[in-house]
Structure formats: structure tokens, C-alpha cells
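Next come the chains, spelled out residue by residue.
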Amino acid sequence: MVLGEWLVRRWRRRRERWRLLLRVSVDWVVFFYIVLPGLAVLGWILWRYEHPARWSPVLAHIALQLHLPVPALISVLLGAALYLAHSIVYGHVAVPLESVDAVWLRLAGVSSRAVMAALWLETCLYSLPGTLSLWVLTLPLTRLSGVGAGTWLLWTLGWCLYEAGLRLAVHARLARSGGRWMIRVGRSLGRYLAYIPSAWSMRLTLSHSHAPASAAAVWLCCGGLVSAVAVVVAASSEWTNLTGDTSMAWIMRWVPEDEDRPSRVRYIFRHLPRRWVRLGERVLGRPLAPVTWLLLSRGLRRMGLLRDLAYISAVAIVATRPAPPVTGWLGLGVFVFLLHQWWSLRVTPLYRAPIAHQLVVEAVLVEQPAKRLRGWLEFLLLVLWAACSGRL
Amino acid sequence: MRDVSITLESGRMLGLIGPNGAGKSTIIGGLLGLVPCEGTLEVNGELRDLRHDGVPPALRRHMAYVPEQPLYYADLTLREHVEWKQRLWRMTDVETSRVQDRVEVLVKRLSLEPHLDKFPHECSKGTLQKLMVVLALAFPFDVLVVDEPFIGLDILSIREVRSLLAEARDGGAAVLLSTHVLDWAERLCDDYLLLMDGRVLLAGTLEEMREKVGSDGASLEEIFLALHKRRLTLDAESGGA
């Protein structure tokens, strides 16, 4: 009874959070750039599934190029897709316990195993959309192996159970991401070792074309068994390992107001900006504009800002270097445009709020130097990229 | 908020008193130009339409503000917060050194010295509140707006902030203090504006309010509670009718 009430409460909270996420993220841009292309890809996959004969020569050609037999190529492609999905979800339950849950459930006398089984069930349910997507995406490939859609669905459901059990056990046992090196090694090693049974079972299901359904059913049972063991293992570990960031924290990352949270700051650069400002002012022979000072102080300490610049520069140079002159300059133009957009997304928030909060000077006047700085940065990087890609 | 009129006089402190949700912070937001509002602003006899002109920048420069929730930036140290405001002001050397001296005095009086090179997340809420006080009081101002300044402060800091506010008032500034703590408001303020549900219940000095309520020697808290009770009775009667 208590457990059911708790699960319903969690489910409602989860629903509210997803509503919030959808409210802040879904708009026409998402519809045109994600939903529509996604539907097109789905249509293409289903069409491929219905017409395997048109698809197999392409695959045969690729297999020939790679000097691989077609069944091996199919296994490699499916294995890569599975490994990608496995490494994304490995070691995290879908919705961790909240500290208040731990106290409440303990006081209510709910058994650890029941709570862990509930967490496992939740993880299975929340993984289901992802599992079904994986099933749909891999259908054309399995069709070429002679495995039916129903059998492959059975196999992916077994995979879902296996992964949910694994996620729970690993999260409960090895929750701490930093700290002791044994934990870190255990997590990394587990990631690869835990993938092997899935890959092995997939290979068996694909190769045993005379009885693939039985192989998939065995795998489903294995998933159930692993989950039962995982629940027992998780129940014997401390609950504190299972409390942590809720999905709200993940959602809040997308909300612009959270731009200024401390985790985005590189505190090791405590004194660096002051030195740079002093150097800049000495070179210029005058004090920096307030917003330039602010950008330098905050920008140098902001996580990932210099890395982004380095990435854009590296990609711009590598992509435009081998291109003919006209295409190269056009490419550089596109990268300058990307840099312009990047500034709006990453740099503007660094000075927008402080300018709005200050009541001393007109906001427009303070903002002007930032716009000039943006123009200069774009120009200087364009020159640098052009020089490095051999255009100057 | 409707039909609210506030007069801030040089050398006097006006207490903005009211329960949660009465509209104290909204009034302050409107006064500072942070919340859009309609009305008229009269400064030294010159009238301005707030809806069209907003609070003029020239006037805003003469206003200091201590917010209820500390406004800070995660990647600037406390010292750099002061520097940001200093750079915005674009002062002459004389003014700069005067502000610098004032910062030093305030930092010492509020015991902020050990925290100046820390980042906000390394400081307590009280320390950040003290930073807000330093940022407001270190620079020249004629109007000081203070929204719940005592939240999160220890008793020594509360005494210090109280005396700093009194010094600002005695130095000729017009001070607007919004607070729930009626005891401190009574000790500090010269005039009061009692708010409830977005309306002004009573305004004036303590003596004037005692006369209006009809209870001699009543404290600010007693006056407020009497008005609140009267309001509840009226609401109940109108609800019953």
C-alpha cells in the first residue's frame, strides 16, 4: 500500500517534470528539425523493412568493400548500436531515490527488496520507449538475417530487462563517480564486461535461424534472472548510493535561468582573470570597458568556453583546408556565422544579467563594447582560420 | 497594487510594513524601474510619467538598493563584485579613492575581509547579504532602498546594518526600508506605510497612526494587528452579506 502510494507520487512528479521540459523545449524549431526528420527516418526504416531486396545489394557492396561476410557486417552494425545504447544508460537508474523517500520508506517499514524491485520496474518502464526505438531502428538489419520482427522484439525486451537489472546493481554498488580508484576501475571494466552477454546472445539469435525465437526467449529469461539477482544485490547495499540528482536537475540544465550555476565555473582560475586584465590594461594603456572586464573575468573561468572556441577553430581549419578557394571562403563564412551564433548562446548570458541588474548606467551604453568585441573576435578568428588553412 | 502614493524625504526613513504578499517588493521594483508600473514620479518638483519615461537613468544613479535576495554571479569573487560596480560608475580619481575608502570601512565594520577573495558559493547567505549592503552603501546616493536587509544576518551584523542605515538617514539620504520585523522598523523609521493585499491601510508617523487607530501608546505591532483584525472582521461581514 505504502509502496504503491509512493510509486504513484513519483510517477506524478515525473510527469510534471516532463511537462515542464516539453514546455521549455518544444517549439517550431524542434518540430521542423527533430520531429519531422525523425518521422521521415522512421518511414524510411519501415520502407526498408518491407523491401529488403532493395536494401541487401547496398549492404553486400559495403561488406565487399570491408572484406567482411554480410552476416558479420550485420552483427557488427547491430553490436555497435547496442553498445552505444548500453554505454549511454549503463550505471544509472532511471529515477534515483530522493533523500526524503529514503526516510519516508524506512519509517513506513517497506522492505529494501520491494523498493529495489520498484526501482527496477520503473527503470524498465522508462527504458521501454528507448528499447522500442532500438527495435524499430534495427529491424531492417535483422530482417536481412532472417529473424522475424516478433522474435527480435522478444530479444530487445530481454535486453531491456537485462540492462535495467544491470543499471540498478551498478548504481547501487558503485554510485560514486569520483573518489576511490577501485570504484572508477570497476565502473569502467563493468561497462565492457556487462556488454558481452548481450552481444553473445544477439549473435546466437541471429545465427540460429532455425530456432531464433527459442534463443530470444532464453535471453528474456536470462534478463529476468539477472534482474532478480540485481534486486537482491541492490537491496543489500546502502540506500544513500541510490539518492542523487533527480531528473529535475537534468531538466533544469535546459532552463536559461540556470546558466549561472556554480558547477559551470572553473574555480582553479581564481586569480588568472585579474592577471590578464592587468596585462590587457597595461598593453592598452587605459582601463578596459566595464563589459570587457566582465567578459574577461567571467569568460576565463567559465567551463568549456575556451574549449568551444578551440573546437570551432579546429573544425573550421580542417574542413576548409582541402576545399577549392571559393568553397573554402564560403565554408569560412559559415563558420564565422556559427561563431556569431555561439556567442549569442554562450557569451551573451555572461553579461546580459549583470547589465540588467545594475542600475547605474543605460544598458545600451554598457553593451556597445561587447558588440564591438564580438565583431573583432569574429574578424581575428576569420583571419587566423584563413591563414591556418592556407588561404592567406 | 493600486492607489499607492509614497513620499521620500531627505533625512527621513520610511518603513514599508506589511505581511507576505502585501506588495512591498512590487512597490520597490516599480520605484527602481525593475517592474513596469503606471503612475507619476515627482523629483524636486519635476513630474515624470513612469509608464512612458520609467525611472530616469540620471536619478537611478543616485539610488542605492539592497535586495532581499542577494544578487550575485557565480564566477566573480566578492571583491570583483565591488570592482564591477566601480568600473560602471566611471569615477574620477578623487571619487574612486573616496569609494575605495568607504568600501574599506564598510568591509571592516561588517567583518567581510576574510571573504573578499571567495566566490559566492563559498560564502554563507549572511555574507552575501553583507556584500549587498557594501555595494549599496559604498557609492554616493541620495535615495536608499532596502528590502528585508536583516534576513540571514547574525545579531552583530544586524546591529551594524541598523546603525549604517541610521547613519545614511542622518547623513541626509531618503531611506525606504521594507521589513517584516516591526520591532526594528519602529526603532529605525520616522514614517510608515502599512500595506495589505496591495492597498495602503494606513500611512504617517507613529503618533499619527496611533491617533487614527485610537490607541495611545500602542506599538507598531499592536497598531498593525488591530488594523489586521479590523480588516478580517470587515471581510467576514461583507462575505456574510
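Quantities reported herein were computed from a predicted structural model and do not represent experimental measurements.

(A) Here's a closer look at the packing of aromatic side chains. All names here are of chain A. On inspection of all chains with the given rule, the structure shows 11 aromatic pairs over all chains. Where W152 meets W155, the ring centres are 4.9 Å apart and the plane angle is 0°; that geometry is what we call stacked. With a gap of three residues between them, W152 and W155 both fall in helix α7 (residues 149-173), about one helical turn apart. Assigned by exposure class, W152 and W155 land together as buried.

(B) Region of interest: the confidence of the model for chain A. With 92% of its residues at a pLDDT of at least 70, chain A reaches an overall mean of 83. Contacts of residues 251-257 of chain A to residues separated by more than four positions or lying in other chains number 12 contacts, the stretch itself having pLDDT below 50.

(C) Structural detail: the packing of helix α14 (residues 305-320) of chain A against helix α15 (residues 325-357) of chain A. Residues and elements named next belong to chain A. Between α14 and α15, the least distance of the axes is 10 Å, while the angle of their chain directions is 170°. Comparing the axis directions of α14 and α15 gives the class roughly antiparallel. Contacts between α14 and α15 involve L305, D308, L309, I312, V315, A316, A319 and T320 from the first element and G328, G331, L332, F335, L339, W342, R346 and L350 from the second. Of the residues contributing to the contact of α14 with α15, the split by class is 11 nonpolar, three polar and two charged.

(D) Layout of unusual backbone geometry. Positive phi values are uncommon outside glycine, yet H67 of chain A reaches one of about 55°. Here H67 of chain A shows up in the loop between α3 (52-65) and α4 (70-89). Its relative accessible area of 73% is what places H67 of chain A among the exposed residues. The phi dihedral of D197 of chain B falls on the positive side, at around 50°, and the residue is not glycine. Inspection of the secondary structure puts D197 of chain B in the loop between β7 (191-196) and β8 (199-204). Accessibility expressed as a relative area gives 55% for D197 of chain B, which makes it exposed.

(E) Fine view of the interface of chain B and chain A. Taken residue by residue, the interface counts 26 residues in chain B and 30 residues in chain A. Taking both sides of the interface into account, the surface hidden between chain B and chain A amounts to around 2,600 Å²; carbon and sulfur atoms contribute 62%. Looking at the side of chain B facing chain A, the largest losses of area belong to D75, W84 and R87 of chain B, adding up to 28% of the total buried there. For the pair chain B and chain A, the interface holds six salt bridges. The partner of R298 of chain A in a salt bridge is D75 of chain B, and the shortest N-O contact between them spans 2.5 Å. Our count for the chain B to chain A interface comes out at nine residue pairs in polar contact (both at pLDDT 80 or more). Looking at the side of chain B that touches chain A, the elements that each hand over two or more residues are α3 (57-60) and α4 (78-89) of chain B.

(F) Structural detail: helix α9 (residues 206-213) of chain B. All names here are of chain B. Inspection of α9 places L206, M209, R210 and V213 among the buried residues, and these make up the whole buried set. Along the axis of α9, the buried positions cluster into a sector of 105°, meaning they face one direction only. Away from the buried face of α9 by more than 90 degrees, exposed residues E211 and K212 are located. Downstream of α9 by one or two residues, G214 has phi in the positive range, about 85°.

(G) Region of interest: the sheet that holds β7 of chain B. Residue and element names in this part refer to chain B. Pairing is mixed in the open sheet, where six strands are placed in the order β4-β5-β6-β1-β7-β8. Of all strands in the sheet, those bounded by a partner on one side alone are β4 (63-66) and β8. Neighbouring strand axes in the sheet, compared pairwise and without regard to direction, differ in orientation by 15° on average. Strands β4 and β5 (143-147) of the sheet are contacted by helix α6 (residues 125-137), whose axis makes an angle of about 175° with β4. The strands touched by α9 within the sheet are β7 and β8, with β8 carrying the most contacts at an inclination of about 115°.

(H) Quick peek at the pattern of salt bridges. All names here are of chain B. The tally for this structure, following the rule as stated, stands at 21 salt bridges over all chains. In this structure, R79 engages D117 in a salt bridge whose closest nitrogen and oxygen atoms are separated by 3.1 Å. With a gap of 38 residues between them, R79 in helix α4 and D117 in the loop between α5 (93-109) and α6 connect regions that are remote in the sequence. What makes R79 partly exposed here is its relative accessible area of 37%. Given the relative accessible area of 31%, D117 is considered partly exposed.

(I) Inspection of the environment of P262 of chain A at higher detail. Relative to the elements of secondary structure, P262 of chain A occurs in the loop between α11 (247-252) and α12 (272-284). Judged by its relative accessible area of 34%, P262 of chain A falls in the partly exposed class. Put simply, P262 of chain A and R302 of chain A are 40 residues apart on the chain and 9.6 Å apart in space, counted from C-alpha to C-alpha. Excluding residues that lie within four positions of it along the chain, P262 of chain A makes contacts with Y267 of chain A together with A74 and H121 of chain B.

Cut-offs and rules
One numbering rule holds for all chains: residues counted from 1, following each sequence as written. Working convention: letters from A go to chains and numbers from 1 go to ligands, in the order in which they are written. In keeping with the model being predicted, local features are shown solely for residues with a pLDDT of at least 70 and side-chain atom pairs are shown and tallied solely at 80 or more, while totals for entire chains, interfaces and linings include all residues. To obtain the side-chain values, all non-hydrogen atoms of the structure were used and water was disregarded. Ring pairs shown here join Phe, Tyr and Trp side chains whose ring centres sit within 6.5 Å, with only the six-membered ring taken for Trp; geometry is labelled stacked below 30 degrees between planes, edge-to-face above 60, and tilted in between. Secondary structure counts use DSSP, requiring at least four H or I residues in a row for a helix and at least two E residues in a row for a strand, with both numbered from the N terminus. Think of it in three bands: residues with accessible area under 20% of the maximum for their type are buried, residues over 50% are exposed, and the middle band is partly exposed, with areas taken using a 1.4 Å probe on protein chains only. What pLDDT conveys is the predictor's confidence in a given residue, as a value from 0 to 100. The contact rule is simple, with two residues in contact once any of their heavy atoms fall within 4.5 Å. In this analysis, axes come from line fits to C-alpha atoms, helices being fitted only over the stretch in contact, and the angle between any two N-to-C directions falls in the range 0 to 180 degrees. Relative orientations are named as follows: roughly parallel for angles under 35 degrees, roughly antiparallel for angles over 145 degrees, roughly perpendicular for angles from 65 to 115 degrees, and oblique for any other angle. Lys, Arg, Asp and Glu make up the charged group, whereas Ala, Val, Leu, Ile, Met, Phe, Trp, Tyr, Cys and Pro make up the nonpolar group; the residues left over, Gly among them, are polar. Note: buried area is the sum, over both parts, of the accessible area (probe 1.4 Å) each one loses when the two are combined. Salt-bridge detection follows one rule: a side-chain nitrogen of Lys or Arg within 4 Å of a carboxyl oxygen of Asp or Glu. Polar contacts, as counted here, are pairs of nitrogen or oxygen atoms within 3.5 Å of one another; within protein the pair requires one atom able to donate a hydrogen and one able to accept it, and residues that are adjacent in sequence qualify only if both atoms are side-chain atoms. Comment: arc refers to directions from the helix axis out to C-beta atoms. Strands qualify as paired when DSSP identifies two bridges or more between them.

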